[in-house]
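Each chain, letter by letter, is given below.
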Amino acid sequence: TQLLEQSPQFLSIQEGENLTVYCNSSSVFSSLQWYRQEPGEGPVLLVTVVTGGEVKKLKRLTFQFGDARKDSSLHITAAQPGDTGLYLCAGRAGGTSYGKLTFGQGTILTVHP
Amino acid sequence: EAGVAQSPRYKIIEKRQSVAFWCNPISGHATLYWYQQILGQGPKLLIQFQNNGVVDDSQLPKDRFSAERLKGVDSTLKIQPAKLEDSAVYLCASSFYLTSTDTQYFGPGTRLTVL
């Protein structure tokens, strides 16, 4: 069974601060995705990373996939109250299980005005 | 484009009762997923369909949970009988096809409370 460990589980910061969320596993993933989920809604895809060492930027969000494709990070610059939510990483194994997503337990981010 | 629809949004039942959830995926999406999300945890895949065939149900508690996707479109997930530990949000997702980088679109979920 592949496991994804996210840290920290909870993050409470002030508007304008920077933060990083980590997603780690002992398993190799063919791709890794980051989602954001708001209360009462389903997760919404933010980004997919595929290549080891890949870095993707989405406005103030920077996503990195580890060289060995076992870990990833999400960095938010100058956080805003609208960034508040549950951030989930999810990995896909290769081979015949390429469709199946394994999710981390999530990081609850609260950005105070 | 309409998103993934789920109903009901909320359901409260007593243990040992049965319950059913319905999902209508995005039009044209061949792959449909049911996830269970317990409070404080990430979603856990219960079952995955490709059209009307089951691709993965390895984490579905088959003694009490069942799911079907008739005609490869809508899907229902049933729990019979429910246990206290089944209290969770049940998410349905769909994707266009089964690839390693395909985007899954999630519905709003059904929040089940078992008393």
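Higher on the page you've got the structure.
In every chain, residue numbers begin from 1 and rise along the written sequence. Key to labels: chains lettered from A, ligands numbered from 1, both in the order written. Two thresholds apply to this predicted model, a pLDDT of at least 70 for residue-level local features and 80 or more for giving and counting side-chain atom pairs, whereas whole-chain, interface and lining totals are computed over all residues. Excluded from the side-chain calculation are hydrogens and water; included are all heavy atoms of the structure.

1. Notes on the interface of chain B and chain A
A common measure of how large an interface is: the accessible area buried when the components associate. Contacts between chain B and chain A engage 24 residues on the former and 22 residues on the latter. Buried area between chain B and chain A, both sides added, is near 1,600 Å², and the carbon and sulfur share of it is 52%. Any carboxyl oxygen of Asp or Glu that lies within 4 Å of a side-chain nitrogen of Lys or Arg is treated as forming a salt bridge with it. The tally of links between chain B and chain A comes to zero salt bridges. We define a polar contact as two N or O atoms separated by no more than 3.5 Å, with the added condition that, inside protein, one atom must be a possible hydrogen donor and the other a possible acceptor, whereas residues neighbouring each other in sequence contribute only through side-chain atom pairs. Our count for the contact surface shared by chain B and chain A stands at five residue pairs in polar contact (both at pLDDT 80 or more). When residues in the side of chain B that touches chain A are grouped by element, the largest group, three residues, is from strand β4 (residues 31-37) of chain B. In terms of residue class, the side of chain B that touches chain A is built from eight nonpolar, 13 polar and three charged. The contact criterion used throughout is that any non-hydrogen atoms of two residues lie within 4.5 Å. Using a 1.4 Å probe, buried area is obtained as the accessible area two parts lose upon being combined, added over both of them. Secondary structure counts use DSSP, requiring at least four H or I residues in a row for a helix and at least two E residues in a row for a strand, with both numbered from the N terminus. Classification used: nonpolar for Ala, Val, Leu, Ile, Met, Phe, Trp, Tyr, Cys and Pro, charged for Asp, Glu, Lys and Arg, polar for all others including Gly.

2. Points about the packing of aromatic side chains
Between the rings of Phe, Tyr and Trp (Trp by its six-membered ring), a pair exists once the centres lie within 6.5 Å; its type follows the angle of the planes, with under 30 degrees stacked, over 60 edge-to-face, and the other angles tilted. The final tally for this structure, using the stated rule, is eight aromatic pairs over all chains. Note on Tyr35(A) and Phe106(B): the rings are 5.8 Å apart at their centroids and 85 degrees apart in plane angle, and the pair reads as edge-to-face. Pair noted here: Tyr35(A) is in strand β4 (residues 31-37) and Phe106(B) is in strand β10 (residues 105-106), and the two residues belong to different chains. For each residue, the accessible area found with a 1.4 Å probe, counting protein chains only, is set against the maximum for its type, and the residue is called buried under 20%, exposed over 50%, and partly exposed in between. Taking relative accessible area as the criterion, Tyr35(A) reaches 0% and is therefore assigned buried. A connected cluster of aromatic rings, assembled from ring pairs, spans Tyr35(A), Phe103(A), Tyr33(B), Tyr35(B) and Phe106(B).

3. What about the sheet that holds strand β3 (residues 19-24) of chain B?
Residue and element names in this part refer to chain B. Pairing between two strands requires that DSSP report at least two bridges joining them. Overall, antiparallel pairing links the four strands, which are arranged β1-β3-β8-β7 in an open sheet. The outermost strands of the open sheet, each flanked by one partner alone, are β1 (5-7) and β7 (65-68). Recorded for the sheet is a direction-independent mean angle of 15 degrees between the axes of neighbouring strands. Both β7 and strand β8 (residues 75-79) contribute to a ladder of four bridges, which runs antiparallel. In the sheet register, Glu-68 faces β8, and the bridge partner there is Thr-76. Here the axes come from fitting lines to C-alpha atoms, over the contacting stretch only for helices, and the angles between their N-to-C directions go from 0 to 180 degrees.

Coordinates in, geometry out; function isn't part of it.
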